[in-house]
Structures are given as C-alpha cells and as structure tokens.
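Now for the letters of each chain:
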Amino acid sequence: MKSAPLLEVQGLAKEFGGLAAVRGVDFSVAAGQIKAMIGPNGAGKTTILNLISGVLAPTRGRVLFEGKPLPVCRPHAVAARGIARTFQIVQLFGEMTALENVLVGCHRRGGAGWAACAFRTRAMREEERRLRERARELLDFVGLSGRADVPASALSYGEQRLVEVGRALAMEPCLLLLDEPGAGLSPEEQSRLGALIRRIRERGATVLLVDHHMEFVMEVSEEVLVLSYGEKLAEGSPYAVRTHPDVIAAYLGEEETH
C-alpha cells in the first residue's frame, strides 16, 4: 500500500489583482524525497513556496502537510509544524556572526522563559551552552567549521547561502524549502551544495527546492515539477522532464523544438 505524501498541494491558485501568478497547481512530495520546481522567470515558483510557508494566502486551493491543512498567513505556525525555508535573496543579520545567525534558528529548541533569561539561571546557561554547541555542529555540517565567529557580512556569497541553510536546519525540519540555493554559485560550489542536499536527506529531512540551473537540478533531484505561467507544464523524473517537448519549448523556444 502506497503511503500518503508528506506534502500535498491541491488546486493551488494565487491572484494579485488581475494577475494570476499560480493557476490551479497540483503536486505532492513524498517523505524522504528531493523534489525540484523549475520554470522560466515569472512561472510562480517562489509564490508557491510563499503559499506553502504561510507568507501568502491562496486565492483557491489548499496545502496539506502530513494529511492536515497548513495554517494560512501564519509563518511561525507553519514553522512549528516542521517546515523551514531559505530565501531567494539571502536574509541574514549582517552584523551578527555566522554562529549567532544559526542560533536564531535554534529558538524553537529552547525552553527558557523571560525570567530565566533575566536572572541567567543555571538551567538557562546550560540551555545556552547546548544550543551553541548545536549551532557549531550545524556549521560543521554545512562546511563552515572555521567561520563560526565571522560576521555574516564578511562572508562570501556562497558562505552566506550555507549559513542560511544551517539556520533552517537548526529548526530540525521535516520539510526543507530551498529557494534558489544555487543562485550566484560557481559550478564547484553548486556541486558541493548538491552533496550537502543529499546529506540533508540522509539525515531524515525531505527537500523541495527551486532553482534555475538545469544541470544542478537534474543532478540533485529525484523528481522535477516544471511550471510555466503559473501552471504545471510537466512532472516526472529528471530524464523525462529534460526530454519533454513542452519543457524544451519553454526553455529554448518553439523553434528549437522543431
């Protein structure tokens, strides 16, 4: 018997005034899967991530996670359900160190209240030590073991991307949403990122990623969803998608298909 999907998107639509950014999209993501969404600019990829993560409310349709509807326009409640994400444009606190940025993602793993923090109780100090150790472990995991105390603003662009992934992993998500993780990276950096994404899956997380780099997507993902003008154009294995005539037309133009 086939198990129920971890994430299920049903008839999802989003309109901004007269603009239909997403038009009745259906897809699912199985637990333990690495799935990618690709498509030309304006295809609706980031909008769908925003709908899943609770940043936007859908005009129609719904998103189910572990069989239950996700909260609408409540990103903190979505995060509490076990969904974490990174962003198309890196969102770090530049004046804070790499370690401190990852610690921001550890807040859900802390239980100290305001009184314990104000009086710096022994339990609070022990919790802080434990969370700092966890943040350092995550920096090691993403390949930044020697950069913990460097301000985020002084890191390279590729390193900032990795800090953001580490911060998302600090929430110990069941589902990790990656928005353009390979943007601005060199081929070598993309290769290392692909290896990291596979290690993340090996640790038990499911990954849904958006990216423009076709080679990177085809190498790292097990299934690919292609969007065009807010609609699902194709879905299947990387090979099936790569050779799909409609996908070739969307990326290269009708003339190339002929």
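Everything discussed here concerns the structure shown above.
Residues numbered from 1 in each chain as written. Predicted model: local features only at pLDDT ≥ 70, side-chain atom pairs only at ≥ 80, totals over all residues. Heavy atoms only, no water.

*Asks:* Can you walk me through the overall build of the protein in this structure?
*Replies:* For the protein, the count of helices and strands is 11 helices and 10 strands. Residue burial in the protein is summarised as follows: out of 258 residues, 47% are buried. Long-range pairs, those at least 24 residues apart, make up 66% of the contacts in the protein with a sequence separation of at least 6. When the accessible area of the protein is evaluated, it comes to approximately 12700 Å², of which 53% is carbon and sulfur surface. (Helix = DSSP H or I, 4+ residues; strand = E, 2+ residues; numbered from the N terminus. Buried < 20%, exposed > 50% of the residue type's maximum accessible area, 1.4 Å probe, protein only. Contact = heavy atoms within 4.5 Å. Areas by Shrake-Rupley, 256 points an atom, 1.4 Å probe, with all protein chains shown as cover.)

*Asks:* Hey, could you run me through the environment of Arg-167 in this one?
*Replies:* Secondary-structure assignment places Arg-167 in helix α6 (residues 157-169). Sequence separation of Arg-167 and Leu-138 is 29 residues, and the distance between their C-alpha atoms is 8.1 Å.

*Asks:* Help me out: how do you make sense of helix α7 (residues 187-202) in this one?
*Replies:* Given 3.6 residues per turn, any residue in an α-helix points the same way as the ones three and four places further on. In this model α7 runs 23 Å from its N-terminal to its C-terminal C-alpha over 16 residues, within 8% of the 22 Å that 1.5 Å per residue would give. For α7, the set of buried residues is Gln-190, Leu-193, Gly-194, Leu-196, Ile-197 and Ile-200. Down the axis of α7, the buried side of the element spans an arc of 165°, and every buried residue falls inside it. Pointing more than 90 degrees away from the buried face of α7 are the exposed residues Glu-188 and Glu-202. Looking one or two places after α7, you find Gly-204, whose phi comes out positive at around 110°. (Expected span 1.5 Å × (residues − 1). Arc of directions from axis to C-beta.)

*Asks:* Help me understand the sheet that holds strand β3 (residues 34-38) in this model?
*Replies:* The strands making up a sheet associate through hydrogen bonds between their backbones, and the pairing can be parallel or antiparallel. The sheet built from 6 strands is open, its strands ordered β6-β7-β8-β3-β9-β10 with mixed pairing. Pairing within the sheet leaves two strands with one partner each, and these edge strands are β6 (83-85) and β10 (231-236). For this sheet, the mean angle separating the axes of adjacent strands, direction not counted, is 20°. For strand β9 (residues 223-228) and β10, the ladder comprises 5 bridges, and the chain directions are antiparallel. Each residue of the ladder has a partner; that of Leu-227, found in β10, is Lys-232. The sheet contacts of α6 involve β6 and β7 (175-179), and relative to β7 the element is tilted by about 160°. (Pairing = 2+ DSSP bridges. Axes fitted to C-alpha atoms, helices over the stretch in contact; angles between N-to-C directions.)

*Asks:* It is not clear to me how the pairing of strand β1 (residues 7-16) should be interpreted in this structure. Could you clarify?
*Replies:* Residues in a regular strand point their side chains to alternate faces of the sheet. Of the strand pairs in this sheet, β1 and strand β2 (residues 19-29) are connected by 7 bridges, and their pairing is antiparallel. Its bridge partner being in β2, Glu-15 is matched across the sheet by Ala-20. Connecting the antiparallel pair β1 and β2 is a turn made up of 2 residues, with Gly-17 showing a positive phi of about 65°. For β1 and strand β4 (residues 60-65), the ladder comprises 5 bridges, and the chain directions are antiparallel. Each bridged residue has a counterpart across the sheet, and for Val-9 the counterpart in β4 is Val-63.

*Asks:* What am I meant to see in the pattern of salt bridges here?
*Replies:* Tallied over the entire structure, the rule returns 14 salt bridges. Among the ionic pairs, Glu-164 bridges to Arg-167, the shortest N-O distance being 3.5 Å. With Glu-164 and Arg-167 both in helix α6, this residue pair falls 3 residues apart, about one helical turn. Across the pair, exposure class does not vary: Glu-164 and Arg-167 are buried alike. Its salt-bridge partner being Arg-201, residue Glu-222 comes within 2.3 Å of it at the nearest N-O pair. One end of the pair, Glu-222, is in the loop between α8 (214-220) and β9; the other, Arg-201, is in helix α7, and 21 residues separate them in sequence. (Salt bridge = Lys/Arg side-chain N within 4 Å of Asp/Glu carboxyl O.)

Everything listed here is a matter of geometry and, on its own, says nothing about what the molecule does.
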